[in-house]
Amino acid sequence: MTSDLTSALRPAVVMTLLFALLLGLAYPLALAGLGQALFPAAANGSLVRDARGQVIGSELIGQRFASDLYFHGRPSAAGKGYDAIASSGSNLGPTSKALAERVAADKAAMGARGAVPADLVTASGSGLDPHISPAAARFQIARVARARGLSQDRVAALVDRHVETPLFGFLGKPRVNVLALNRALDQAAPRR
């Protein structure tokens, strides 16, 4: 009986170890190697570097810009703001009193009296979205132009150059990467 159990158990153990090595080690390493070989920037987090080679952000993760000299992204509900370890939305629904109060406070902080693009006062599902809508970017043109001492037309042209179109022309919506726009703004008109 022990011999029957051993002969039945041996193939199960061998197959388990084989598939553990194959699918748990070889396959992930092969995919990581292919990713590094074919798409090294994406495989390493789509990092953005400054002129000195220092990492200043990622194309895929938003960051907080508080100064009037810069375009602001969406509010973040991830940890203390754009914390990738604590990625999440606020879980506040459209009838939430807490959401309504936060939106009102954000509008007041902006000095906005009328309608504000929704993505400037609501967090994304992950809390890490690096993009805003073109309307949200255009809403901020007057503030940024005033802070930088530039004409609104010049800042608007910069915004227009940074509008990304939907994938294949129909998947998604037009959007603006806030970090890319702010970097271009620094190159076009360095801070005073």
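What you see is a predicted model; the values in this text were computed from it and never measured.

Criteria and thresholds
- Residues numbered from 1 in each chain as written.
- Predicted model: local features only at pLDDT ≥ 70, side-chain atom pairs only at ≥ 80, totals over all residues.
- Heavy atoms only, no water.
- Helix = DSSP H or I, 4+ residues; strand = E, 2+ residues; numbered from the N terminus.
- Contact = heavy atoms within 4.5 Å.
- Core = buried A, V, L, I, M, F, W, Y, C linked by side-chain atoms within 4.5 Å.
- Buried < 20%, exposed > 50% of the residue type's maximum accessible area, 1.4 Å probe, protein only.
- 1 Å grid on protein atoms, 1.4 Å probe; cavity = no way out; pocket = protein on both sides within 12 Å on 5 of 7 lines; lining within 4 Å.
- Points joined across faces, edges and corners; volume = space filled by probe spheres on them.
- Nonpolar A, V, L, I, M, F, W, Y, C, P; charged D, E, K, R; others polar.
- Pairing = 2+ DSSP bridges.
- Salt bridge = Lys/Arg side-chain N within 4 Å of Asp/Glu carboxyl O.
- Phe/Tyr/Trp six-rings, centres within 6.5 Å; stacked < 30°, edge-to-face > 60°.
- Lys NZ or Arg CZ within 6 Å of the ring centre and 35° of its normal.

A. Structural context of the environment of S46. Locating S46 in the fold gives a position in the loop between α2 (40-43) and β1 (47-49). Taking the C-alpha atoms as reference points, S46 and L60, separated by 14 residues in sequence, lie 6.7 Å from one another. Setting aside residues no more than four positions away along its own chain, S46 makes contact with A41, G57, S58, E59 and L60.

B. Layout of the environment of I61. Mapping I61 onto the fold places it in the loop between β2 (55-58) and α3 (97-110). Beyond its immediate stretch of four places on either side in the chain, I61 contacts A84, L128 and P130.

C. Examining the nonpolar core more closely. Grouped together as the largest cluster of nonpolar side chains are 28 residues, with contacts concentrated most on F71, I132, V155, V159, L181 and L185. Where this core is concerned, the elements lending two or more residues are α3, α4 (134-139), α5 (141-148), α6 (152-161) and α7 (178-188). Per element, the largest residue contribution to this core is five residues, and it comes from α7. Not counting residues within four places of it along the chain, the set of residues in contact with F71 comprises F65, A137, Q140, I141, R143, V144, V155, V159, V178, L181, N182 and L185.

D. Structural context of the layout of surface pockets. Approximately 740 Å³ is the volume found for the largest pocket. Elements represented by at least two residues in the lining of the largest pocket include exactly α3 and α5. Of the residues that constitute the lining of the largest pocket, the class distribution is 13 nonpolar, seven polar and eight charged.

E. Main features of the pairing of β2. Here β1 pairs with β2 via three bridges, running antiparallel. Residue pairing in the sheet places R49 in a bridge with V55 of β2. Counted along the chain from β1 to the antiparallel partner β2, the turn is five residues long, and its residue G53 has a positive phi close to 90 degrees.

F. Structural detail: empty space enclosed by the protein. This structure, assessed with the given rule, holds one cavity of 30 Å³ or more. Around the largest cavity, the lining comprises 13 residues; the ones closest to its centre are G62, Q63, P130, V178 and L179. Across the lining of the largest cavity, the residue classes break down as six nonpolar, five polar and two charged.

G. Looking closely at the pattern of salt bridges. Tallied over the entire structure, the rule returns eight salt bridges. Put simply, D106 and R102 hold a salt bridge, and the shortest N to O gap is 2.8 Å. In this pair, D106 and R102 are both assigned in helix α3, four residues apart and thus about one turn of the helix distant. For R138, the salt bridge identified is with D160, shortest N-O distance 3.1 Å. Highlighted residues: R138 in helix α4 and D160 in helix α6, separated in sequence by 22 residues. Its relative accessible area of 43% is what places R138 among the partly exposed residues. Judged by its relative accessible area of 44%, D160 falls in the partly exposed class.

H. Geometry of the packing of aromatic side chains. With the rule as written, the count across this model stands at one aromatic pair. Judged by centre distance (5.5 Å) and plane angle (40 degrees), the ring pair of F65 and Y70 falls under tilted. Neither F65 nor Y70 differs from the other in exposure class; each is buried. Here the basic side chain of R148 rests over the ring of Y70, its NZ or CZ set 5.0 Å away from the ring centre.

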